[in-house]
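What follows is the residue order along each chain.
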Amino acid sequence: MRLSRYFLPVLKENPAEAQIVSHRYMLRAGMIKQQQAGIYSWLPLGLKVLRNIERIVHEEQGRAGHIPVLMPTMQPADLWRESGRYDAYGPEMLRIRDRHERDMLFGPTNEEMITDIFRAHVESYKQLPMTLYQIQWKFRDEVRPRFGVMRGREFLMKDGYNFDLSYEDAMHAYNRHMVSYLRTYERMGLQAIPMRADSGPIGGDDTHEFLVLASTGESEVFYDSAITDLKFGDRAVDFDDRAGLEAIVKEWTTPYARTDETHDVSLFHEIPAERQKSSRGIEVGQIFYFGTKYSEPMGATVTTPDGARVPVHMGSHGIGVSRLVGAIIEASHDDKGIIWPEGVTPFHCGIVNLKQGDGATDAACEAIYSGLVAKGLEPLYDDTEDRAGAKFATMDLIGLPWRITVGPRGLANGEVELTSRRTGESETMSPEAAVERVAGIYAGL
RNA sequence: CGGAGCGUAGCGCAGCCUGGUAGCGCACCUGCUUCGGGAGCAGGGGGUCGGAGGUUCGAAUCCUCUCGCUCCGACCA
C-alpha cells in the first residue's frame, strides 16, 4: 500500500478523552473512531489488525478441530426465557422491540442460541464430540464504557461451545480449549496466563481466565513467577491425545496464578517469597465448563449407545477479539507509539522514502516495494511529500515492526537502512538484502 | 446508578465570571524557501459556539429544559 493512496488519519495531538495508552494510540494512529460511548468504527489500519487477530483465532480453532458458524447479533427473547436468563441478565442486556412488539435483544453471548441450533439438528451420541464457534459482534450495555476498545459496549468476540456426552469428554474439550488458547495468544506476541476464576453470569464449575500482564489491567493478579517462564513455543500438539493435553494443561495450571476474585493468601504464601509476584492483568479470554446448565432446561439431548436420552455436557469459551487489539498495545508500546508483534502487524514493513521525487530514491523504493510484494508481504510505502522527521514519527506511531529507510545519502553507497521498531537498532545493507531479511523474518510465521 | 466535569473549526484549547456579533496552536489549501527525526515565511479557506426555549435593544457569555461525551466510585469480556 502506498501511503499517498491510503486512509490513515493520524493525529499529532492526544485526544482529550483517551486516558490509557492503547486508547490514545489507537485514536492517534487512525485505527478507530468513536461513534458513541463504547462504540467504535474501525478505520483501515485498525481493521487490518482486527482481521489479523481473527485470522489467528480461526486458524487455531481449526487446528483444534472446532467448527465455525455465524449466529445473528439479534436474538429472540423467548430463547432466553427458556433458560431463565432473560430476567436474570439485568440491564447490561440491550433489549429491543420490533414493529410487531416482539421482544428481542442484541446478544451479549450465545449459549441459548447455540443450544437451540444443537437441539434442532443433533440426536445421537455418534455426532459427538462437537465444538462450534463464531466470531461475532456482541453488545453489553456497560454502565460506564471506557478505555477505548478495551471496555466498549459493542465488541468482537470469539465464542465457542462444546457438546459432549460425558463429564470426562467435556473436560477434554476444556483442555483442548486451554491449549489452543495458549497457542493463539502466543502467536499474537502475548503472554496470557490462565488463572483460576469465578464463573460470573455464564455460570459453571470449572473456569479459567486468560490474563495479559499490563500495568493498566483491570484486575489485580497474583502469580508464581515460574508460570511466566513457560513458553508454548513450536511444540507439536495432537488435540485428540487426551493424556498429552492433560499434561500441558497441568503444566500451565499448577503454578499459582489467580485474580483477586479467587486469590488465596495462605496458598500464595506457600510459594518461595522471591517467586511471589503481583501485578495488574487484562482479561483476554475465559473458558468454562458448565455441564447441563443449558442443555437440561432447553432439551438439548442425545441418544446414548444403550438407548437412553441424556442432556449433553457443555462449556463455553471466549476470546475478546476487539479487546485484544488494545491489550496487545498495552503490552507492546513505547513513548513514540505502538510496537506491533509480527503476528498481528497491519503491514509487514514500512518503506520510508527520504527524498520523494529523486529519481534514484524513488526507483529504489519501488524496487523494494515490489520485492516485498513478490515475497507475499504487504509493505506500507510512505511516498508522500512529507519531511523525513514527519515520516519517521508516523511510522513509529503506527508501530510497524520493520522499517526500510531509503535516501540519497545511503544509496550513493548502494545501501538502505533496516530498522527494528522494537529495539530501534539499524543496519545498513543493499536493498536486495533488506528485502531478503524482512522476508526471512516473516517466513517462520 | 451515586459523585464531579466538559460540549466553541477536523484535533487540542482560550473567550463565559463582568452580555456588544468569535480567537489561538496544530491540521488543511496556494506560493516561495527548506529537506536523514513532527520545517520557515507569506497569503487563504473553514465555526447554526451540542440542541430547544427564555431574559435582553443585543446572548458563546445570564436563566430553564434537553441531548451527548468524559472522569472518580460501584459493576463488568
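Scroll up for the structure.
Note that residues are indexed from 1 along each chain, following the sequence as it is written. By the order in which they are written, chains take letters starting at A while ligands take numbers starting at 1. Two thresholds apply to this predicted model, a pLDDT of at least 70 for residue-level local features and 80 or more for giving and counting side-chain atom pairs, whereas whole-chain, interface and lining totals are computed over all residues. Side-chain calculation: all heavy atoms of the structure are included, whereas hydrogens and water are not.

Some words on the overall build of chain A
Inference 1: The number of helices and strands found in chain A is 14 helices and 23 strands.
Inference 2: For 445 residues, the compact-globule estimate of 2.2 N^0.38 gives 22 Å, and the C-alpha radius of gyration of chain A, at 24 Å, lies within 12% of that figure.
Inference 3: Across its three principal directions, the C-alpha atoms of chain A cover 80 × 60 × 45 Å.
Inference 4: Burial classes follow relative accessibility: with a 1.4 Å probe on protein chains only, a residue under 20% of its type's maximum area counts as buried, one over 50% as exposed, and anything between as partly exposed. Counting all 445 residues of chain A, 54% fall into the buried class.
Inference 5: When contacts within chain A are restricted to residue pairs at least 6 apart in sequence, those whose partners lie at least 24 apart make up 71%.
Inference 6: Only four residue types enter the tally: Lys and Arg on the positive side, Asp and Glu on the negative side, with His and both chain ends excluded. For this purpose, a charge sits on NZ of Lys, CZ of Arg, CG of Asp or CD of Glu. In chain A, 50 side chains carry a positive charge and 65 a negative one; their mean positions are 4 Å apart. Helix and strand definitions follow DSSP, with helices as H or I runs of at least four residues and strands as E runs of at least two, each counted in order from the N terminus. Throughout, the radius of gyration refers to the C-alpha atoms, and the reference size of a globule is 2.2 Å times the residue count to the power 0.38. We call two residues in contact when some of their heavy atoms are within 4.5 Å.

Some details on the sheet that holds strand 19 (residues 349-353)
What links the strands of a sheet is backbone hydrogen bonding, and the strands pair in either a parallel or an antiparallel sense.
Inference 1: Two strands are said to pair when DSSP picks up at least two bridges between them. If you trace the five strands from one edge of the open sheet to the other, you get 20-19-21-22-23, paired in mixed fashion. Looking at which strands have only one partner, the edges of the open sheet turn out to be strand 20 (379-382) and strand 23 (426-429). This sheet shows a mean twist of 20 degrees between the axes of neighbouring strands, independent of strand direction.
Inference 2: Alignment of strand 19 against strand 21 (residues 402-406), held across four bridges, turns out to be parallel. Each residue of the ladder has a partner; that of Val 352, found in strand 21, is Thr 405.
Inference 3: Axis geometry follows a simple rule: fit a line to the C-alpha atoms, using only the stretch in contact for helices, then measure angles between N-to-C directions, giving values from 0 to 180 degrees. Strand contacts of helix 11 (residues 359-374): strand 19, strand 20, strand 21 and strand 22 (416-420), with the helix running at about 170 degrees to strand 19, the strand carrying the most contacts.
Inference 4: On the sheet, helix 14 (residues 431-443) packs against strand 19, strand 21, strand 22 and strand 23 and is oriented at approximately 130 degrees with respect to strand 23.

Remarks on the sheet that holds strand 6 (residues 103-106)
Inference 1: Taken in spatial order, the three strands make up an open sheet running 4-6-5, and their pairing is antiparallel. Looking at strand neighbours, the two that pair on one side only are strand 4 (74-76) and strand 5 (94-97), the edges of this open sheet. With direction set aside, neighbouring strand axes in the sheet form an average angle of 40 degrees.

Comments concerning unusual backbone geometry
Inference 1: Between Leu 128 and Pro 129 the backbone carries a cis peptide bond, its omega angle lying at 0 degrees.
Inference 2: With respect to the helices, strands and loops of the structure, Pro 129 is situated in the loop between helix 5 (111-121) and strand 7 (130-139).
Inference 3: One non-glycine residue with positive phi stands out, namely Glu 101, at about 65 degrees.
Inference 4: Tracing the backbone shows Glu 101 in the loop between strand 5 and strand 6.
Inference 5: Of note in the backbone geometry, Phe 147 takes a positive phi value of approximately 60 degrees without being a glycine.
Inference 6: Residue placement: Phe 147 occurs in the loop between strand 7 and strand 8 (154-164).

A short note on the packing of helix 2 (residues 44-63) against helix 6 (residues 167-187)
Inference 1: At a closest axis distance of 9 Å, the pairing of helix 2 and helix 6 adopts a crossing angle of 145 degrees. Here helix 2 runs over helix 6; the crossing is right-handed. Across the interface between the two elements, Arg 55, Ile 56, Val 57, Glu 59, Glu 60, Gln 61 and Arg 63 of helix 2 pack against His 177, Ser 180, Tyr 181, Arg 183, Thr 184 and Arg 187 of helix 6. Crossing handedness: left-handed means the near helix sits turned counterclockwise from the far one by under a right angle, and right-handed means the same turn made clockwise.

A short note on the packing of aromatic side chains
Inference 1: For this analysis, a ring pair means two rings from Phe, Tyr or Trp (six-membered ring only for Trp) whose centres lie within 6.5 Å, classed as stacked if their planes differ by under 30 degrees, edge-to-face if by over 60, and tilted for the remaining angles. With the rule as written, the count across this model stands at 13 aromatic pairs.
Inference 2: Seen in terms of ring centroids, Tyr 167 and Tyr 289 are 5.2 Å apart; in terms of plane orientation they differ by 80 degrees. Their pairing is edge-to-face. With Tyr 167 in helix 6 and Tyr 289 in strand 13 (residues 276-291), this residue pair connects regions lying 122 residues apart in the sequence.
Inference 3: Here the aromatic residues Tyr 181, Tyr 185 and Phe 210 are joined through ring pairs into a cluster of three or more.
Inference 4: A cation over an aromatic ring shows up here: Arg 2 above the ring of Tyr 369, its NZ or CZ 4.8 Å from the ring centre. The criterion for a charge sitting over a ring is simple: Lys NZ or Arg CZ within 6 Å of the ring centre, and within 35 degrees of the ring normal.

Quick look at the environment of Gly 291
Inference 1: With respect to the helices and strands, the residue Gly 291 is situated in strand 13.
Inference 2: The buried category is assigned to Gly 291, whose relative accessible area is 4%.
Inference 3: Once the C-alpha coordinates of Gly 291 and Val 373 are considered, the two residues, 82 residues apart in sequence, prove to be 49 Å apart.
Inference 4: Apart from the residues lying within four places of it in its own chain, the contact partners of Gly 291 are Val 312, His 313 and Met 314.

Details of the protein's contact with RNA strand B
Inference 1: The nearness test applies per residue and asks whether one of its heavy atoms lies within 4 Å of the molecule or strand. Neighbouring RNA strand B are 38 residues, the closest being Arg 144, Gly 152, Glu 283, Arg 387 and Asp 396.
Inference 2: Here RNA strand B approaches the protein such that, of its atoms within 4 Å, sugar and phosphate make up 45%.
Inference 3: Pairs of N or O atoms are called polar contacts if they sit within 3.5 Å, as long as, within protein, a hydrogen donor faces a hydrogen acceptor (for residues adjacent in sequence, only side-chain-to-side-chain pairs). Between a base oxygen of RNA strand B and a side-chain N or O atom of Arg 151, the distance comes to 2.7 Å.
Inference 4: If you list the elements that add at least two residues to the surface near RNA strand B, you get strand 1 (32-36), strand 13, helix 12 (388-398), strand 21 and helix 13 (408-411).
Inference 5: With seven residues, helix 12 is the single largest residue contributor to the surface near RNA strand B.
Inference 6: Note on residue categories: nonpolar means Ala, Val, Leu, Ile, Met, Phe, Trp, Tyr, Cys or Pro, charged means Asp, Glu, Lys or Arg, and polar means any other residue, Gly included. Residues that form the surface near RNA strand B fall into these classes: 10 nonpolar, 11 polar and 17 charged.

A few points about the pairing of strand 1
Inference 1: In this structure, strand 1 lies alongside strand 2 (residues 39-42), joined through four bridges in antiparallel fashion. Looking at the pairing, Gln 34 lines up with Tyr 40 of strand 2.
Inference 2: Where strand 1 hands over to strand 2, the hairpin turn is made up of two residues, of which Gly 38 adopts a positive phi near 75 degrees.

Re the pairing of strand 19
Inference 1: When you tally the buried positions in strand 19, you get five out of five residues, the bulk of the element.
Inference 2: Neither face of strand 19 is open: one carries Cys 349, Ile 351 and Asn 353, the other Gly 350 and Val 352, and all of them are buried.
Inference 3: Convention used here: a crossover is right-handed provided that the path from the first strand, over the helix, to the second strand proceeds clockwise when the strands point away from the viewer. Handedness of the crossover joining strand 19 and strand 20 through helix 11: right-handed.

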